[in-house]
Amino acid sequence: MRFNIITTIPESCAVYAESSMLGRAQKKKIIKINPINPRDFTNDKHKTVDDKAYGGGPGMVLKIEPIYKAVQSVKRKTKNKKTKHRVILFSTRGKLFTQKEAKRLAKYDELTLICGRYEGVDERVAKYIADEEISIGEYVLSGGELPALVVTDAVARHIKGVLGKEASLEEVKGSYPVYTRPETFRLNVKGQGSNVLRVPKALLTGNHKQIEAWRRKHGKNVPNINANNKTRGQK
Ligand code: SAH
C-alpha cells in the first residue's frame, strides 16, 4: 500500500515514517510512504503555494493549482493499473477519524493525503479534488502533517505483515492493560512513605485461560467503539 503525503514540509514526516513500525514495514516493502511537496509543482520563481484569502482575513490559504498538479502526478502513474486510490483532505470540518475508518481505508491500494497549513486550503480542493475530508479530532492543529502520520500509522496496522508476530491482537481480544518486569516496584511518595506496586496476580499464573479472562475483564474492544459501547474511564 502506498501513502502519498502532499505537504509543504515533507521533512516533518520523514523521521516518524522511517522509524519503528512504519520504517520496518517500508523496509519490508509492504508499504511505501511518499512525501510530495506542492512547491515542486509551481512555475514561479518563488515557488508560491499560498496566497491571501478572498474577502480578507489574517491567514494565508493554500492554492489549488500546485495541489491539483501534485495529485495529477500521482494519478498519472497509476492510470492504467487497477489501483484503488483515494484522495483525502485533512480538515477541521471533516468526518471524524476512528478505528473503523482506519480499517475501511486499509482496503485501498493507494491513499493520497493532502495536508493543509495556515488558514486552510482553497475550498475547491475539498469540492473537486478530494474524495473525502477527514478530521482526527475536535481541536485545531497548525497543519495536516500530524493527521497524515496518524492516519498512515492507524491504517498501516491493518495491513497484513505490518505488525509482525503480535498480529493485531487487539482485533481479536481488544485492548487491555499490560505489565512488564519488575514484578514489584517501590514508589516513594514524599511524606507518605513507600508504596509497593504489584503486577496483577492473574498475569503471573502462567495459566492462559485465567490470563485471557483477566484481559477480557479489564480490556475494551477497540474496533467496536461506538456510542453504545462505554469505553474505559467513562461513566
Ligand atoms: N481556521 C482553519 C485552521 C486550519 S488549520 C480551520 O479552522 O479549519 C490548518 C490545517 O491543519 C487544516 O487545513 C487541516 O489540513 C489541518 N488540521 C488542523 N486541525 C486538524 C484536525 N483536527 N484534523 C485534521 N486536520 C487538521
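Being a predicted model, the structure only gives us computed values, none of them experimental.

**So, the site of the ligand**
- The environment of the ligand is formed by 19 residues, the closest being Phe90, Thr92, Ile136, Tyr139 and Leu141.
- Within the side chain of Thr92, an N or O atom sits 2.6 Å from an oxygen atom of the ligand.
- At a separation of 3.0 Å, a nitrogen atom of the ligand approaches a polar backbone atom of Ile136.
- Taking 550 Å² as the accessible area of the ligand by itself, protein coverage stands at 86%.

**Considerations on the sheet that holds strand E7 (residues 132–135)**
- What the five strands build is an open sheet, ordered E2-E1-E6-E5-E7; its pairing is parallel. The two strands at the open ends of the sheet, each matched to only one other strand, are strand E2 (32–36) and E7. Going across the sheet, the axis of each strand differs from the next one's by a mean of 30°, ignoring polarity.
- Bridge analysis of strand E1 (residues 2–6) against E2 gives five bridges, and the strand direction is parallel. Within E2, the residue paired with Arg2 across the bridge is Lys32.

**Side note on the pairing of E1**
- Buried residues dominate E1, accounting for four of its five residues.
- In this sheet, strand E6 (residues 110–114) lies alongside E1 in parallel orientation, the contact comprising five bridges. Among the inter-strand pairings, Arg2 is bridged to a residue of E6, identified as Glu110.

**Thoughts on the packing of aromatic side chains**
- The full count for this structure, using the stated rule, is one aromatic pair.
- With a centroid separation of 6.4 Å and 65° between ring planes, the pair formed by Tyr179 and Trp214 is classed as edge-to-face. In this pair, Tyr179 sits in the loop between helix H7 (169–173) and strand E8 (184–189) while Trp214 sits in helix H8 (residues 208–218), placing the two residues 35 residues apart along the sequence.
- On the accessibility criterion, Trp214 (13% relative accessible area) is buried.

**Things to note about the UniProt feature "binding site: S-adenosyl-L-methionine" (unreviewed entry) in the protein chain**
- Within this numbering scheme, the UniProt entry marks Gly116, Ile136, Gly137, Glu138, Tyr139, Val140 and Leu141 as carrying the feature "binding site: S-adenosyl-L-methionine" (unreviewed entry).
- Position of Glu138 relative to the elements: it lies in the loop between E7 and helix H6 (145–156).

**Let's talk about the confidence of the model for the protein chain**
- Mean pLDDT for the protein chain: 91, with 90% of residues reaching 70 or above.
- Across residues 222–235, confidence stays below pLDDT 50; counting only partners more than four residues off in sequence or on other chains, it has 13 contacts.

**Description of helix H3 (residues 64–78)**
- A rise of 1.5 Å per residue sets the reference length of H3, with its 15 residues, at 21 Å; its end C-alpha atoms lie 22 Å apart and thus fit the reference within 8%.
- By the burial criterion, the buried members of H3 are Pro66, Ile67, Ala70, Val71, Ser73, Val74 and Thr78. The arc enclosing the buried residues of H3, seen along the axis, measures out at 145°, which places them on a common side.
- Residues of H3 that are buried sit in contact with E1, E2, strand E4 (60–62), strand E5 (85–96), E6 and helix H5 (123–129).

The rules behind the values
Residues numbered from 1 in each chain as written. Predicted model: local features only at pLDDT ≥ 70, side-chain atom pairs only at ≥ 80, totals over all residues. Heavy atoms only, no water. Near = heavy atom within 4 Å. Polar contact = N/O pair within 3.5 Å; in protein donor to acceptor, adjacent residues only side chain to side chain. Areas by Shrake-Rupley, 256 points an atom, 1.4 Å probe, with all protein chains shown as cover. Pairing = 2+ DSSP bridges. Helix = DSSP H or I, 4+ residues; strand = E, 2+ residues; numbered from the N terminus. Axes fitted to C-alpha atoms, helices over the stretch in contact; angles between N-to-C directions. Buried < 20%, exposed > 50% of the residue type's maximum accessible area, 1.4 Å probe, protein only. Phe/Tyr/Trp six-rings, centres within 6.5 Å; stacked < 30°, edge-to-face > 60°. UniProt positions renumbered as here; feature names shortened; annotations may be inferred. pLDDT = per-residue confidence, 0-100. Contact = heavy atoms within 4.5 Å. Expected span 1.5 Å × (residues − 1). Arc of directions from axis to C-beta.

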